[in-house]
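Chain residues, written in single-letter form:
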Amino acid sequence: MHSASTIPGLQWRGIAPPLALTDYKLIAFDMDSTLISIETLDEMADLMGKKAEVAALTEAAMRGEIKDYKQSLRERVALLAGMPQAALDEVYEQRVRLNPGVETLIAACKAAGLTCLLVTGGFTCFTDRLRVRLGLDDVRANVLEVENGRLTGRLLPQPWGDICDGEEKRRKLLEVCASLGVGPERAIAVGDGANDLPMMRAAGLSVGYRAKPAVREEVKVAIDEGGLDRLLELMAR
């Protein structure tokens with residue numbers, strides 16, 4: 001980050017703290033490596049003995065090295081064909097961990113009247129549970145096709161489209177802002193990977209959490225150490 005202000009593990013630019021959390025009406029979170037500490041798709045692949053193969057594709061996509069995110073996601077999901085649906089419960093129960101500070105930040109946002117949105121290239125089998133656990137207001141995620149208790153390796157189309165990629169994250173953020181009657185400058189977007197950049201560019205405040213280099217170059221706030229609640233250090237008490 002260039003010409004940034006900094007305290008250990010936290011950098012910002014283009015803003016003048018302290019900010020007022022109540023100036024914002026929406027906060028949109030990515031899921032994998034942002035709200036939670038893992039890449040769910042990689043952990044699903046691990047149970048199938050395909051983690052190295054899938055993780056390499058995930059990393060390239062998050063770094064922005066794969067231009068066709070949708071095709072990359074389809075290829076990774078296809079590698080999971082035949083996975084028992086019960087294995088999804090195992091991933092959630094044994095491997096999904098909230099990143100530090102998530103609950104503190106969401107509680108502060110709720111107290112300040114913000115709508116909390118989850119937008120992810122991940123899957124509803126995880127987002128449905130996180131929505132309840134964290135009290136999130138809205139979610140956009142992908143649906144894995146299941147037949148006879150096993151994944152087919154395909155994603156199901158939904159009323160809004162086929163795959164939640166970076167452009168769909170941005171569209172959903174703008175749609176929620178419109179439904180709240182506010183401009184996107186009153187939205188906060190939090191993420192770590194290249195597919196978060198479209199919504200980050202649209203939002204008034206972009207926050208990178210342990211973000212990939214391409215993302216860190218662009219965001220207004222970079223949290224490199226500690227929890228997501230470090231964003232609150234830039235807010236008026």
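Predicted, not measured: the structure shown is a model, and the values here were computed from it.

## As for the environment of Phe126
Structurally, Phe126 can be placed in helix H6 (residues 124–134). C-alpha of Phe126 to C-alpha of Asp89: the two residues are 37 residues apart in sequence and 8.7 Å apart in space. The contact partners of Phe126, leaving out residues within four places of it in the chain, are Met31, Thr40, Met44, Leu88, Val91, Tyr92 and Val96.

## As for the pattern of salt bridges
Scanning all chains against the criterion turns up 21 salt bridges. Put simply, Lys70 and Asp162 hold a salt bridge, and the shortest N to O gap is 3.1 Å. In this pair, Lys70 is assigned in helix H3 (residues 69–78) and Asp162 in the loop between strand S6 (150–156) and helix H7 (166–180), connecting sequence segments 92 residues apart. By relative accessible area, Asp162 is classed as partly exposed at 28%. A salt bridge links Lys172 to Asp138, with the nearest nitrogen and oxygen atoms 3.0 Å apart. Of this pair, Lys172 sits in helix H7 while Asp138 is found in strand S5 (residues 138–147), placing the two residues 34 residues apart along the sequence. Here the salt bridges do not stand alone but share partners, grouping Asp138, Arg140, Glu168, Arg171, Lys172 and Glu175 into one network.

## Here's the deal with the UniProt feature "active site" (unreviewed entry) in the chain
In this structure's numbering, the residues bearing the UniProt feature "active site" (unreviewed entry) are Asp30 and Asp32. Among the annotated residues just listed, those that line the largest cavity are Asp30 and Asp32. The residue Asp30 is located in the loop between strand S3 (26–29) and helix H1 (40–47) in this model. Asp30 has contacts with Leu35, Leu118, Val119, Thr120, Lys169, Val190, Gly191, Asp192, Asp196 and Met199, leaving out every residue within four places of it along the chain. Polar side-chain contacts of Asp30 include one of 2.9 Å to the side chain of Thr34. The contacts of Asp32, once residues within four sequence positions are left out, are Ile38, Glu39, Thr40, Thr120, Gly122 and Asp192.

## Section: the layout of surface pockets
By volume, the largest pocket is sized at about 200 Å³. Lining the largest pocket are Ala61, Gly64, Ile66, Lys67, Tyr69, Asp165, Gly166, Glu167, Ala194, Asn195 and Pro198. Across the lining of the largest pocket, the residue classes tally to five nonpolar, three polar and three charged. In terms of domain composition, the lining of the largest pocket takes at least three residues from each of domain 1 (10–38 + 98–234) and domain 2 (41–94).

## Digging into the environment of Asp138
Note on Asp138: relative accessible area 22%, which makes it partly exposed. It is 8.8 Å that separates the C-alpha atoms of Asp138 and Val176, two residues lying 38 residues apart in sequence. Those residues in contact with Asp138 that lie beyond four places of it in its chain are Cys116, Leu117, Leu118, Arg131, Lys172 and Val176.

## Section: the nonpolar core
One finds Leu35, Met44, Phe123, Phe126, Ile188, Leu205 and Val221 to be the most contacted residues of the largest nonpolar core, which totals 62 residues. Taken together, domain 1 (10–38 + 98–234) and domain 2 (41–94) each give at least three residues to this core, which thus spans both. Setting aside its immediate chain neighbours within four residues, Leu205 contacts Ile15, Leu19, Tyr24, Ala187, Ile188, Ala189, Lys220, Val221, Leu231 and Met235. In terms of nonpolar packing, the next biggest core, distinct from the first, is built from 19 residues, Leu26, Val182, Met200 and Val215 among them.

## A word on the sheet that holds strand S7 (residues 187–191)
Strand order in the open sheet made by the nine strands is S1-S2-S9-S8-S7-S3-S4-S5-S6, with mixed pairing throughout. Taken across any chain shown, the strands that pair with only one partner, and hence form the sheet edges, are strand S1 (5–7) and S6. Neighbour-to-neighbour, the strand axes of the sheet open up by a mean angle of 20°, direction not taken into account. H3 rests against strand S4 (115–123), S5 and S6 of the sheet, and its axis sits at about 170° to S6.

## Notes on the environment of Gly135
Following the sequence through the fold, Gly135 ends up in the loop between H6 and S5. Separated by 32 residues in the primary sequence, Gly135 and Glu103 place their C-alpha atoms 9.7 Å from one another. Apart from residues no more than four positions distant in its own chain, Gly135 is found in contact with Lys110 and Leu130.

Reading guide: rules and limits
Residues numbered from 1 in each chain as written. Predicted model: local features only at pLDDT ≥ 70, side-chain atom pairs only at ≥ 80, totals over all residues. Heavy atoms only, no water. Helix = DSSP H or I, 4+ residues; strand = E, 2+ residues; numbered from the N terminus. Contact = heavy atoms within 4.5 Å. Salt bridge = Lys/Arg side-chain N within 4 Å of Asp/Glu carboxyl O. Buried < 20%, exposed > 50% of the residue type's maximum accessible area, 1.4 Å probe, protein only. UniProt positions renumbered as here; feature names shortened; annotations may be inferred. 1 Å grid on protein atoms, 1.4 Å probe; cavity = no way out; pocket = protein on both sides within 12 Å on 5 of 7 lines; lining within 4 Å. Polar contact = N/O pair within 3.5 Å; in protein donor to acceptor, adjacent residues only side chain to side chain. Points joined across faces, edges and corners; volume = space filled by probe spheres on them. Nonpolar A, V, L, I, M, F, W, Y, C, P; charged D, E, K, R; others polar. Domains from an automatic or database assignment. Core = buried A, V, L, I, M, F, W, Y, C linked by side-chain atoms within 4.5 Å. Pairing = 2+ DSSP bridges. Axes fitted to C-alpha atoms, helices over the stretch in contact; angles between N-to-C directions.

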